[in-house]
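# Observations on the model geometry
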Amino acid sequence: VLKRGVLQDVPKLKELVLNSNFMVEIEHEAFLNMANLTYLSIRHNLLYKICREMFQGIHNLEFLDLGENNITTIESGAFKDLNKVRELKLDGNLLMMLGPGMFDGLIKLQRIRFDNNEIKYLYPGAFKDATRLEVLLMWKNKLSILDKDTWSYMPQITDLVLRNNEIKTWVSTS
């Protein structure tokens, strides 16, 4: 467990790599007073949930890697304070759906990875704040139905990888 305020005595820290540990939880405000942090990798741990206040205090973060954990849940608004993040990795988790509000605040997001999850459904408004998104990698999931309106929030998308899913239908709900 990464406890609240445990890193407050290193406020100049720019890069933090906590890969390949056994962390199951990050307490609310664990990154408080980490204004200089731009790179955070917590890859290959045992995290199962991304909470709303987890990333409070790291407003300058540009890169976040949460891949290869056991994440099943991302609370709505969990990334709301991360408005400078350009790249987010959530590959190799256990996510089953990407819902509304999950990615609110990620206004500068350009690249996101969701490959190797269990994603069955992608809500059309899931990426409504991510209008700068260029690369969306979602291979090896369980998507079967895609809504045409999902892409309306992604006018900058250049790379969309959906291989190894179960896609049967692309529908239009509008």
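Residues numbered from 1 in each chain as written. Predicted model: local features only at pLDDT ≥ 70, side-chain atom pairs only at ≥ 80, totals over all residues. Heavy atoms only, no water.

What follows covers the packing of aromatic side chains. Taken as a whole, this structure holds nine aromatic pairs when the rule is applied. Three or more aromatic residues joined by ring pairs form one cluster here, namely Phe 31, Phe 55, Phe 79, Phe 103, Phe 114 and Phe 127. Positioned over the ring face of Trp 139 is Arg 163, at 4.6 Å from the centre of the ring. (Phe/Tyr/Trp six-rings, centres within 6.5 Å; stacked < 30°, edge-to-face > 60°. Lys NZ or Arg CZ within 6 Å of the ring centre and 35° of its normal.)

Moving on, we come to the nonpolar core. Of all hydrophobic cores here, the largest spans 50 residues; its most connected members are Phe 31, Phe 55, Phe 79, Leu 98, Phe 103, Phe 114 and Phe 127. Among all residues touching Phe 31, those that are not within four sequence positions of it are Leu 2, Leu 7, Leu 16, Ile 26, Leu 37, Leu 40, Ile 42, Met 54, Phe 55, Gln 56, Gly 57 and Ile 58. (Core = buried A, V, L, I, M, F, W, Y, C linked by side-chain atoms within 4.5 Å. Buried < 20%, exposed > 50% of the residue type's maximum accessible area, 1.4 Å probe, protein only. Contact = heavy atoms within 4.5 Å.)

In this section: the pattern of salt bridges. Proximity of charged atoms lets side chains of opposite charge pair with each other. Applying the stated criterion to the full structure yields 14 salt bridges. As a salt-bridge pair, Arg 43 and Asp 91 come within 2.5 Å of each other at their nearest N and O atoms. Taken together, the residues Arg 43 in the loop between strand 2 (39-41) and strand 3 (49-50) and Asp 91 in the loop between strand 6 (87-89) and strand 7 (97-98) connect sequence positions 48 residues apart. Residues Arg 43 and Asp 91 agree in their burial class; the two are buried. Salt bridges sharing common partners tie together Arg 43, Asp 65, Glu 68, Asp 91, Arg 113 and Asp 115. (Salt bridge = Lys/Arg side-chain N within 4 Å of Asp/Glu carboxyl O. Helix = DSSP H or I, 4+ residues; strand = E, 2+ residues; numbered from the N terminus.)

This part covers the environment of Glu 53. Residue placement: Glu 53 occurs in the loop between strand 3 and strand 4 (63-65). Separated by 24 residues in sequence, Glu 53 and Glu 29 place their C-alpha atoms 6.2 Å apart. Non-local contacts of Glu 53, meaning those with residues more than four positions away in its chain, are made with His 28 and Glu 29.

A few words now on unusual backbone geometry. Working note: non-glycine residues mostly have negative phi, and peptide bonds are mostly trans. Phi at Glu 29 is positive, roughly 65 degrees, even though this residue is not glycine. Look at His 44: it is not a glycine, yet its phi comes out positive at around 55 degrees. Within the fold, His 44 resides in the loop between strand 2 and strand 3.

Taken together, the side chains of Val 1, Phe 22, Val 24, Leu 46 and Tyr 48 make up a nonpolar region of the molecular surface, amounting to roughly 510 Å² of accessible area. Mapped onto the secondary structure, Phe 22 falls in the loop between strand 1 (15-17) and strand 2. (Patch = residues over 30% accessible without salt bridge, like charges linked within 9 Å, V, L, I, M, F, W, Y side chains within 5 Å. Areas by Shrake-Rupley, 256 points an atom, 1.4 Å probe, with all protein chains shown as cover.)

Now for the environment of Asp 129. For Asp 129, the location among the structural elements is in the loop between strand 9 (121-122) and strand 10 (135-137). On the basis of relative accessible area, Asp 129 is assigned to the partly exposed category, the value being 24%. Along the chain, Asp 129 and Asp 9 lie 120 residues apart, while their C-alpha atoms are 33 Å from each other. Ignoring sequence-local partners within four residues, the contact set of Asp 129 consists of Phe 103, Asp 104, Gly 105, Leu 106 and Ile 107.

What follows deals with the side chain of Asn 117. Turning to its location among the elements, Asn 117 is positioned in the loop between strand 8 (111-113) and strand 9. Judged by its relative accessible area of 3%, Asn 117 is buried. Within polar-contact distance, the side chain of Asn 117 engages the backbone nitrogen of Leu 94 at 3.3 Å. At a separation of 2.9 Å, a polar atom in the side chain of Asn 117 contacts the main-chain carbonyl oxygen of Phe 114. In contact with Asn 117, not counting residues within four places along its chain, are Leu 90, Asp 91, Gly 92, Asn 93, Leu 94, Leu 95, Lys 140 and Asn 141. (Polar contact = N/O pair within 3.5 Å; in protein donor to acceptor, adjacent residues only side chain to side chain.)

A separate point is the sheet that holds strand 2. Here seven strands make up an open sheet; going across it, the order is 1-2-4-6-8-10-12 and the pairing parallel. Bordering the open sheet on either side are strand 1 and strand 12 (159-161), each of which pairs with just one other strand. Here the average twist between neighbouring strands, direction ignored, is 5 degrees. Where strand 8 and strand 10 come together, three bridges link them in parallel fashion. Its bridge partner being in strand 10, Arg 113 is matched across the sheet by Leu 137. (Pairing = 2+ DSSP bridges. Axes fitted to C-alpha atoms, helices over the stretch in contact; angles between N-to-C directions.)

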